[in-house]
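# Analysis of the macromolecular model
Spelled out from the first residue to the last, the chains are:
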Amino acid sequence: MARMLIVDSFPVPRVGVVVTGRPEAADIRVGDGLWLNQGELRYHVFVRAIHHLCTRFIDSHVALAGVNTSLVLDGVPEGTELPGLWLSSE
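Residues numbered from 1 in each chain as written. Predicted model: local features only at pLDDT ≥ 70, side-chain atom pairs only at ≥ 80, totals over all residues. Heavy atoms only, no water.

## Quick word on the overall build of the protein
This is how the line gets drawn: The numbering of helices and of strands both runs from the N terminus, where a helix is a DSSP run of H or I of at least 4 residues and a strand a run of E of at least 2. The rule is simple: take the accessible area with a 1.4 Å probe, protein chains only, and divide by the maximum for that residue type; under 20% is buried, over 50% is exposed, in between is partly exposed. Whether two residues are in contact is decided by their heavy atoms: any pair within 4.5 Å suffices. Under the convention used here, a 1.4 Å probe and the Shrake-Rupley method define accessible areas, while residue burial counts only the protein chains that appear. Counted as positive: Lys and Arg. Counted as negative: Asp and Glu, with His and the chain ends omitted from the count. Charge positions are represented by NZ for Lys, CZ for Arg, CG for Asp and CD for Glu.
Tallying secondary structure elements over the protein gives zero helices and nine strands in all. Along the protein, helices (α) and strands (β) appear in the sequence β-β-β-β-β-β-β-β-β when read from the amino end. Expressed along its principal axes, the backbone C-alpha trace of the protein runs to roughly 35 × 30 × 20 Å. Considering the protein as a whole, with its 90 residues, one finds that 33% of them fall into the buried category. Once local pairs closer than 6 in sequence are excluded, the contacts in the protein between residues at least 24 apart make up 58%. Of the roughly 5300 Å² that the protein leaves accessible, carbon and sulfur atoms contribute 54%. In the protein, 7 positive and 10 negative side-chain charges are present, and the distance between their average locations comes to 7 Å.

## What about the pattern of salt bridges?
Which entries qualify depends on this criterion: The term salt bridge refers to a side-chain nitrogen of Lys or Arg lying within 4 Å of a carboxyl oxygen of Asp or Glu.
This structure, assessed with the given rule, holds two salt bridges. Measuring nitrogen to oxygen at the nearest pair gives 3.9 Å for the salt bridge that ties Glu 24 to Arg 3. One end of the pair, Glu 24, is in the loop between strand 3 (16-21) and strand 4 (28-29); the other, Arg 3, is in strand 1 (residues 3-5), and 21 residues separate them in sequence. Classification of Glu 24 by relative accessible area gives partly exposed; the value is 36%. By relative accessible area, which is 30% here, Arg 3 ends up partly exposed. For the salt bridge of Asp 74 with Arg 48, the shortest nitrogen-to-oxygen distance reads 3.0 Å.

## Remarks on the packing of aromatic side chains
Going by this rule: Whether two aromatic rings pair depends on their centres lying within 6.5 Å, for rings of Phe, Tyr and Trp, where Trp uses its six-membered ring; planes under 30 degrees apart make the pair stacked, over 60 edge-to-face, and the rest tilted. Cation placement over rings: the criterion is NZ of Lys or CZ of Arg within 6 Å of the ring centroid and within 35° of the ring normal.
In the structure shown here, the tally under the stated rule is zero aromatic pairs. We note Arg 3 situated over the ring of Trp 86; from NZ or CZ to the ring centre the distance is 3.9 Å. Directly above the ring of Trp 35 sits Arg 42, whose terminal nitrogen or CZ lies 4.4 Å from the centroid.

By themselves, these observations are geometric and do not establish any function.
Structure follows, in structure tokens:
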């Protein structure tokens, strides 16, 4: 099961909602559907793009477990405070 604590988030014009963090336990891939967990609420979001924060030499379609990364997400409810929330594959 992939999980990622959202450390920071910001809107990027013409790109979308970007979140940063470090995936745990499993890799996250472009196209993956993840659950955004906000207390009792869960939202199904999708990974549209991945950008690596520390290196350019990692496959840009995979966020490796344990490596700092940023994800562009689709389906995030407008106005949601994302830092401190978890993304998970289950």
